[in-house]
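Examining the three-dimensional arrangement
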Amino acid sequence: MVARALLGKVLVHGGRSGRIVETEAYVGAHDLACHAARGRTARTSILWGPPGRAYVYFVYGMHWCFNAVTGREGHPAAVLVRGLEALEGFDGPVRLDGPARLCRALGITGAQNGADLAASAVRILDAPAVRGRDVARGPRIGVDYAEEWAETPLRFWVRGSPGVSRGRPSRRRGQADSIR
DNA sequence: CTATTGATGGTC
DNA sequence: ACCATCAATAGG
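What comes next is a walk through the structure. Please read all numbers here as calculations on a predicted model, not as lab measurements.

1. Some words on the protein's contact with DNA strand B
Within the structure, DNA strand B sits among seven residues, and Thr41, Phe58, Tyr60, Gly61 and Met62 are positioned closest to it. Backbone atoms, meaning sugar plus phosphate, form 58% of the atoms of DNA strand B positioned within 4 Å of the protein. Note that a base oxygen of DNA strand B is positioned 2.4 Å from one of the backbone N or O atoms of Tyr60. Here the surface near DNA strand B is built from residues that sort into three nonpolar, two polar and two charged.

Printed below as a string of structure tokens:
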């Protein structure tokens, strides 16, 4: 799965870069947590386009979130990047845990929506994969409304990384479910 | 540590 | 009305 494979890769924008340490997969129009589940609209049309482009959306009146479109044309699926570890271009310490924080820190906004991730100012660079035993997975964050999809373990993160967000999947209790 | 709330605005 | 959020605050 692409969300798992993106862990360890490098997101770059505006001269700043970070190693991807937390992702969530949104797998299609049938996934009730996916923005595409409510049909093709002006906002979500990029999701139906070709893979390898940025889907950047605005939430809660103040935050941008960055996704990479992963589904082939006509198949809306994407991976939300939720956490990074700082690599280059930052002036002092930065927090990159959380999808909106990382966008703010890298200067990603709606201006990058639709950008080609292989040939524009926003890029994802290849890098060594994260070892299986360092990867954990669990339910996605903030999607309680998505019925059975709320508990589907489509969130992936690098165990122990400071770039992993602290948001819990609020429905269930207990610790982060984990392990590969 | 958990829980709650205000900020702030596009989308449908 | 509803959010794929964050920061600040209050309470145990």
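2. What about the pairing of strand β3 (residues 54-59)?
For β3, the tally of buried residues reaches five of six residues, placing the bulk of the element in the interior. Pairing of β3 with strand β4 (residues 63-69) involves six bridges; the strand directions are antiparallel. Bridging across to β4, Val56 finds its partner in Phe66.

3. A closer look at the protein's contact with DNA strand C
Close to DNA strand C lie 18 residues; His35, His63, Asn67, Arg101 and Tyr145 are nearest. Between DNA strand C and Tyr57, the relevant distance is 3.0 Å, taken from a base nitrogen to a side-chain nitrogen or oxygen of the residue. In this structure, a phosphate oxygen belonging to DNA strand C sits 3.4 Å away from a main-chain N or O atom of Pro99. Secondary structure elements with two or more residues in the surface near DNA strand C: β4, β5 (78-88) and α2 (99-106). Ranked by the residues each element gives to the surface near DNA strand C, the list is headed by α2, at four residues.

4. Description of unusual backbone geometry
Although it is not a glycine, Tyr60 sits at a positive phi angle of roughly 55°. Locating Tyr60 in the fold gives a position in the loop between β3 and β4. The backbone phi angle of Glu147 is positive, close to 50°, even though this residue is not glycine. Tracing the sequence through the fold places Glu147 in the loop between β7 (135-138) and β8 (155-158). The class for Glu147 is exposed, based on a relative accessible area of 54%.

5. Examining the packing of aromatic side chains
For the structure on display, the rule yields two aromatic pairs. The ring centre of Tyr26 lies 4.7 Å from the NZ or CZ of Arg140, which sits over that ring. In this arrangement the basic side chain of Arg155 is found over the ring face of Trp157, its NZ or CZ atom lying 4.4 Å from the centre.

6. Section: the environment of Val81
In this structure, Val81 sits in strand β5. Overall, the relative accessible area of 0% leaves Val81 in the buried class. Sequence spacing of Val81 and Leu154 is 73 residues, and the spatial spacing of their C-alpha atoms is 12 Å. Filtering out sequence-adjacent residues up to four positions away, Val81 remains in contact with Leu11, Ile20, Glu22, Phe66, Pro99 and Leu102.

Cut-off values and rules
- Residues numbered from 1 in each chain as written.
- Chains lettered and ligands numbered in written order.
- Predicted model: local features only at pLDDT ≥ 70, side-chain atom pairs only at ≥ 80, totals over all residues.
- Heavy atoms only, no water.
- Near = heavy atom within 4 Å.
- Polar contact = N/O pair within 3.5 Å; in protein donor to acceptor, adjacent residues only side chain to side chain.
- Nonpolar A, V, L, I, M, F, W, Y, C, P; charged D, E, K, R; others polar.
- Buried < 20%, exposed > 50% of the residue type's maximum accessible area, 1.4 Å probe, protein only.
- Helix = DSSP H or I, 4+ residues; strand = E, 2+ residues; numbered from the N terminus.
- Pairing = 2+ DSSP bridges.
- Phe/Tyr/Trp six-rings, centres within 6.5 Å; stacked < 30°, edge-to-face > 60°.
- Lys NZ or Arg CZ within 6 Å of the ring centre and 35° of its normal.
- Contact = heavy atoms within 4.5 Å.

By themselves, these observations are geometric and do not establish any function.
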